[in-house]
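Here is how the chains run, residue by residue.
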Amino acid sequence: MWLPVSDPEFFARVSPWFMAMPHSRTLGLQLLAASRRKVVMGLPFREELIGNPLKRILHGGVVTSLIDTCSAASIYTLLDAVEAVATLDLRIDYLRPASPDATLYCEAECYRLTDNIAFTRATAYQDDPARPIAHGVATFARSPVPAAVAGAL
Amino acid sequence: MSPHWQVNSIAELDLLLQTRIPYAALLGIRAHAGDDGEPLFLLPYQEANIGNVQLPALHGGVIGGFLENSAVMHLLWAREASELPKVVDFSIDYLRSGRPQDTWARCEIVRQGKRIANVLMSAWQDDPARPIAQARAHFLLA
């Protein structure tokens, strides 16, 4: 069931911050949708992101970055104040190669949030969500950020 | 472009990283020879690889991509693959925040069968005994 993010004002304030991370900009990540627990991001195809030049397949590391960023972002749909989330571990299954010239999407869900830990799962796909490119699960550690940093956001 | 991925030296591996793998060139990854003769991979610090600007810290996805790429290159160097190995699964533990400085990695082929290889990877900054991340992956060898 679709629900709005927990605190729309907060999410609108914090989401530009993680989309502006230098590496997010380097990759060209786009935030496409957010709802309670879930975020969808898109990564348009670029030649610089290729891992196999003969087949023009995206590098696995690009898929890793997309899933990591999208999974972390999904946690913020459940928060109402700035805090740090650090990836503890991330496991990715590469189900099929990504086709060249097509946008890669990622839908991530924070399916469990405790006082200290966030649990996420994510799927990366291109044209058809039913034919995923990769599946990822991750855990994140939650921690407070210094007031000075929180105030800057 | 040559369909062959034969690598005869770490210098050739270093050249391949800079010229034939666009994403490795984007991250700035290089290969050096370690004291034991095995390749050491270098992720030179660059601002584009930052995730959290406030800390600042390297992007977790960059560290993951760096390690995954290192494993592929290590397999080519060890001649366990004549084509680019395909990653099947990849699992990473982030142990410490990646500070804005150079990062190193080394790999170990744990088991290599006819079609599948299992590789361990470790990334560190100042001290190999204090890794910032450790990963393991399976690769399909063509």
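Residues numbered from 1 in each chain as written. Chains lettered and ligands numbered in written order. Predicted model: local features only at pLDDT ≥ 70, side-chain atom pairs only at ≥ 80, totals over all residues.

An unreviewed UniProt entry lists chain B under the name PaaI family thioesterase, from Chitinilyticum piscinae.

Chain A goes by PaaI family thioesterase in an unreviewed UniProt entry, where it is assigned to Chitinilyticum piscinae.

With that out of the way, let us pick up the overall build of chain B. Check the secondary structure of chain B and you find 3 helices and 8 strands. Reading the secondary structure of chain B in the N-to-C direction produces α-α-β-β-β-β-α-β-β-β-β. Each of the three principal axes of chain B carries a C-alpha extent, and together these read 45 × 30 × 30 Å. When each of the 142 residues of chain B is scored for burial, the buried share is 45%. Taking the intrachain contacts of chain B between residues at least 6 apart in sequence as the baseline, contacts between residues at least 24 apart amount to 59%. (Helix = DSSP H or I, 4+ residues; strand = E, 2+ residues; numbered from the N terminus. Buried ≥ 20, exposed ≤ 12 C-beta atoms within 10 Å, placed from the backbone. Contact = placed C-beta atoms within 7 Å.)

A few words now on the overall build of chain A. When its secondary structure is counted, chain A shows 4 helices and 8 strands. Helices and strands appear in chain A in the N-to-C order α-α-β-β-β-β-α-β-β-β-β-α. Against the compact-globule benchmark of 15 Å for 153 residues, chain A has a radius of gyration of 15 Å, which places it among compact chains. For chain A, the C-alpha atoms occupy an extent of roughly 50 × 30 × 25 Å along the three principal directions. Going through the 153 residues of chain A one by one, you find that 41% of them count as buried. Considering only residue pairs separated by 6 or more positions, chain A has 67% of its internal contacts joining residues 24 or more positions apart. (Rg over C-alpha atoms; globule rule 2.2 N^0.38 Å.)

Facing 30 residues of chain A, the contacting portion of chain B comprises 33 residues. Counting residues per element, the ones that place at least two in the side of chain A that touches chain B are helix H2 (22–27), strand S3 (50–52), helix H3 (60–76) and strand S5 (84–94) of chain A. Element by element, the count of residues in the side of chain A that touches chain B is highest for S5 of chain A, at 9 residues. Residues of the side of chain A that touches chain B, tallied by class, amount to 13 nonpolar, 11 polar and 6 charged. As judged from the 5 bridges shared by S5 of chain A and strand S5 (residues 86–94) of chain B, these two strands associate in the antiparallel manner. Considered in S5 of chain B, the bridge of Asp93 of chain A is made with Asp89 of chain B. (Nonpolar A, V, L, I, M, F, W, Y, C, P; charged D, E, K, R; others polar. Pairing = 2+ DSSP bridges.)

Once that is clear, we can look at the confidence of the model for chain B. Note that predicted coordinates carrying low pLDDT should not be read in detail. With 98% of its residues at a pLDDT of 70 or more, chain B shows a mean pLDDT of 93. Across the interfaces of the predicted complex, the ipTM metric reaches 0.91, alongside a pTM of 0.93. (pLDDT = per-residue confidence, 0-100.)

For the rest of this paragraph, the subject is the nonpolar core. Side chains of a nonpolar character, in soluble globular proteins, are inclined to be buried together. One finds Leu66 and Ala124 of chain A together with Leu67 of chain B to be the most contacted residues of the largest nonpolar core, which totals 84 residues. It is helix H3 (residues 60–77) of chain B that contributes the most residues to this core, 10 residues altogether. Setting aside residues no more than four positions away along its own chain, Leu66 of chain A makes contact with Leu29, Met41, Leu43, Leu104, Cys106 and Ala124 of chain A. (Core = buried A, V, L, I, M, F, W, Y, C linked by C-beta atoms within 7 Å.)

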